[in-house]
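Secondary and tertiary structure notes
Read off the chains here:
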Amino acid sequence: MYASREDIGYDFGDDSKVGSKTIKPNPNIDGGWAWMIVLSSFLVHILIMGSQMALGILNMEWLEEFNQSRGLTAWVSSLSMGITLIVGPFIGLFISMCGCRKTAIIGGILNALGWILSAYASDVHYLFLTFGVTAGVGSGMVYLPAVVMVGQYFQKRRALAQGLSTTGTGFGAFLMTALLKYLCIEFGWRNAMFIQGAISLNLCVCGALMRPLSPKDAVSEKCVVRSNSEDNQAKALSHSAETIKSNGVLSEEQEKKEEATNEEVLGSVQHIESGGKSRGGRSMYGLRILKTVSQLTVTVRKGFAIWYSSYFGAASLFTNRVFVAFIIWALFAYSSFVIPFIHLPEIVKQYNLSSQNNIFPLTSIIAIVHIFGKVILGIISDLPCVSTWNVFLMANFTLVTCILTLPLMQTYVSLAVVCALIGFSSGYFSLMPVVTEDLVGTKHLANAYGIIICANGISALFGPPFAGWIYDITQKYDYSFYISGLLYMVGIVFLLIQPCIQWKQPREKSTEEAQV
């Protein structure tokens, strides 16, 4: 989602000199403190993604409390889920300037503040700001560092580490659904949100565990990787440098001039400060503020340069038509997975199945089977005779079929079976980084995956309100699932057509050359 310092090429010294020396690999890479990073990321997925998957419980409470339309009320949940993913590329700027640890701690405070302020909501529009925007931005500021840090601490076992950490989403959806339901029954939804806000402060603890790698550790990690793929990284660095220069945003000469200017300002401030000790405290205080502002300016400039080269330097990705089709698919896919979590509790209530659903909620079934789906689909796709792309497509076909048939189910058993299939087939999320890498290559993986996640966020933002709006018009949820399923199918068709076009063109070209 965000290109780490190692990915985009931080300059820690002369790489040629470093590469010629024998440097012992850092024991924290693929082991040691790296497993604490996995634990931290696992807890972040429980507290953020898990609680968002349980928002259907609160959505029912908000409908009864504020007596607003379902389309308007669903915006609260969709804003929180959508903004968490959409702000990912922009949170990368904070990571470049402050690091993952500080960004995550600030995000944990902001997320908890959003939950607590939402307990005092007087209307739905108040929740848009407190829960949708405030808690959503806070969630994004914690979620992105949790993903980035796992990538920084793991090289050989990165797939295993990411898989273990992301299973927190399934566990969290199961645990948070039961917790929020219990808190709403015992204390009311307002006190439940207040308590959940206090629980969310544990995100600050998770952020504190994200101990950054020191520059020496980063150099060691860089050398270990370079022994395997030195040529690919060199090409990636040269490409990013050429992109920045061609866009005219930050050339080397401009950067040197800006750094020289900032150093002159800092030097003059230090000189005045050292020579003005006899002056009053006010002038010294002003000089210190000026020095702090100058240092902050240097940090912001460097952070912005890294952020820009990471995301806006990857415009060539959009010349890949298969990747563009993948973005279109992402714009429709995620909403079909989110809509059941938001609206299933009310559907169960309409079907008079609340007594059975209270014993074992349907959303919990999706969450539990989702865990097994990620693991099993990952194992199947790793088989030498199986194509990851085909597994990915089959899982998508299964999920869209379940979305289209869910309105036809009227009993708890039939709904439970369909929800289990939804949970299992949605395990394809663990295959998305692999498929993305196959489409764009390792060099552009971080940038491309960030764009895909942002598209998923847009899908989550508009999906639940759209389903609620359709219900307000038709007084049925059936058409919401039908329309979202058909849109999802359109995205799958784009995935099927584009590869055929790309494979067909070289064959036609070779035929023409043969005729000539």
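Residues numbered from 1 in each chain as written. Predicted model: local features only at pLDDT ≥ 70, side-chain atom pairs only at ≥ 80, totals over all residues. Heavy atoms only, no water.

1. Here's the deal with the overall build of the protein
For the protein, the helix and strand inventory stands at 22 helices and 0 strands. Counting all 516 residues of the protein, 51% fall into the buried class. Sequence separation of at least 24 residues holds for 84% of the intrachain contacts in the protein that already meet a minimum separation of 6. (Helix = DSSP H or I, 4+ residues; strand = E, 2+ residues; numbered from the N terminus. Buried < 20%, exposed > 50% of the residue type's maximum accessible area, 1.4 Å probe, protein only. Contact = heavy atoms within 4.5 Å.)

2. Thoughts on empty space enclosed by the protein
The full count for this structure, using the stated rule, is 4 cavities of 30 Å³ or more. Put simply, the second largest cavity is a space of about 50 Å³. The wall of the second largest cavity is formed by Leu 47, Ile 48, Ser 51, Gln 52, Ser 80, Asn 111, Trp 115, Phe 131, Ala 135 and Ser 139. Taken together, the residues of the lining of the second largest cavity break down into 5 nonpolar, 5 polar and no charged. (1 Å grid on protein atoms, 1.4 Å probe; cavity = no way out; pocket = protein on both sides within 12 Å on 5 of 7 lines; lining within 4 Å. Points joined across faces, edges and corners; volume = space filled by probe spheres on them. Nonpolar A, V, L, I, M, F, W, Y, C, P; charged D, E, K, R; others polar.)

3. Some details on the side chain of Ser 41
Inspection of the secondary structure assignment puts Ser 41 in helix α3 (residues 34–53). If we ignore the near neighbours within four places in the chain, the residues touching Ser 41 are Ala 146, Val 150 and Ser 165.

4. Considering the nonpolar core
The biggest cluster of nonpolar side chains holds 121 residues, and the ones touching the most others in it are Trp 329 and Tyr 428. Of the residues forming this core, the biggest block, 16 residues, is contributed by helix α15 (residues 321–350). Setting aside residues no more than four positions away along its own chain, Tyr 428 makes contact with Trp 329, Ala 333, Leu 377, Phe 392, Ala 395, Asn 396, Leu 399 and Tyr 488. (Core = buried A, V, L, I, M, F, W, Y, C linked by side-chain atoms within 4.5 Å.)

5. Quick word on the packing of helix α4 (residues 55–66) against helix α8 (residues 124–153)
Axis separation between α4 and α8 bottoms out at 11 Å; the angle between their running directions is 150 degrees. Judged on the interaxial angle alone, α8 and α4 are roughly antiparallel. Where α4 approaches α8, its residues Leu 55, Trp 62 and Phe 66 are matched on the opposing element by Val 124, Leu 127 and Phe 131. Looking at side-chain class alone, the contact of α4 with α8 contains 6 nonpolar, no polar and no charged residues. (Axes fitted to C-alpha atoms, helices over the stretch in contact; angles between N-to-C directions. Parallel < 35°, antiparallel > 145°, perpendicular 65-115°, else oblique.)

6. A word on a nonpolar patch on the surface
Taken together, the side chains of Phe 372, Val 375, Ile 376, Ile 379, Ile 380 and Leu 383 make up a nonpolar region of the molecular surface, amounting to roughly 510 Å² of accessible area. Mapping Ile 376 onto the fold places it in helix α17 (residues 362–381). (Patch = residues over 30% accessible without salt bridge, like charges linked within 9 Å, V, L, I, M, F, W, Y side chains within 5 Å. Areas by Shrake-Rupley, 256 points an atom, 1.4 Å probe, with all protein chains shown as cover. Salt bridge = Lys/Arg side-chain N within 4 Å of Asp/Glu carboxyl O.)

7. Considering the packing of aromatic side chains
On inspection of all chains with the given rule, the structure shows 14 aromatic pairs. Here the aromatic cluster, defined as three or more aromatic residues joined through ring pairs, consists of Phe 326, Trp 329, Trp 389, Phe 392 and Tyr 428. Above the face of the Trp 33 ring, Arg 211 is positioned so that its terminal group lies 4.3 Å from the ring centre. (Phe/Tyr/Trp six-rings, centres within 6.5 Å; stacked < 30°, edge-to-face > 60°. Lys NZ or Arg CZ within 6 Å of the ring centre and 35° of its normal.)

8. Notes on the pattern of salt bridges
Counted under the stated rule, the structure contains 1 salt bridge. In this structure, Arg 190 engages Glu 65 in a salt bridge whose closest nitrogen and oxygen atoms are separated by 3.3 Å. Taken together, the residues span a long stretch of sequence, with Arg 190 in helix α10 (residues 168–200) and Glu 65 in helix α4 at a distance of 125 residues.

9. Quick word on α15
With 30 residues, α15 should reach 44 Å at 1.5 Å per residue; the first-to-last C-alpha distance of 44 Å fits that figure. For α15, the principal kink sits at His 343 and spans about 50 degrees; a proline, Pro 345, occurs within the next four residues. Among the residues trailing α15, Asn 352 stands out with phi positive, at a value near 60 degrees. (Expected span 1.5 Å × (residues − 1). Bend = angle between axes of the 7 residues up to and from the residue.)

10. Observations regarding unusual backbone geometry
Despite not being glycine, Asn 67 has its phi angle at roughly 55 degrees, a positive value. For Asn 67, a relative accessible area of 67% translates into the label exposed. A positive phi angle is found at Asn 352, which is not glycine, with a value near 60 degrees. As for its position among the elements, Asn 352 is in the loop between α15 and α16 (354–359).

11. A closer look at the confidence of the model for the protein
For the protein, the mean per-residue pLDDT works out to 74, and 71% of the residues sit at or above 70. In the predicted structure, residues 1–23 sits below a pLDDT of 50 and forms 48 contacts with residues beyond four places in sequence or in another chain. A low-confidence stretch, residues 503–516 stays under pLDDT 50, and its non-local contacts, those more than four residues away or across chains, total 1 contact. (pLDDT = per-residue confidence, 0-100.)

12. Observations regarding the packing of α3 against α10
The N-to-C vectors of α3 and α10 enclose an angle of 65 degrees; their axes lie 7 Å apart at closest approach. With respect to the hand of their crossing, α3 and α10 are arranged in right-handed fashion. Along the contact surface, α3 presents Phe 42, His 45, Ile 46, Leu 47, Met 49, Gly 50, Ser 51 and Met 53, while α10 presents Gly 168, Thr 169, Phe 171, Gly 172, Ala 173, Met 176, Gln 196 and Ile 199. When its residues are assigned to classes, the contact of α3 with α10 shows 9 nonpolar, 7 polar and no charged. (Left-handed = near helix turned anticlockwise from the far one by under 90°.)

13. Here's the deal with the environment of Gly 82
With respect to the element layout, Gly 82 can be found in helix α5 (residues 70–86). It is 9.9 Å that separates the C-alpha atoms of Gly 82 and Ile 453, two residues lying 371 residues apart in sequence. Setting aside residues up to four positions removed in sequence, Gly 82 forms contacts with Gly 457, Ala 460 and Leu 461.

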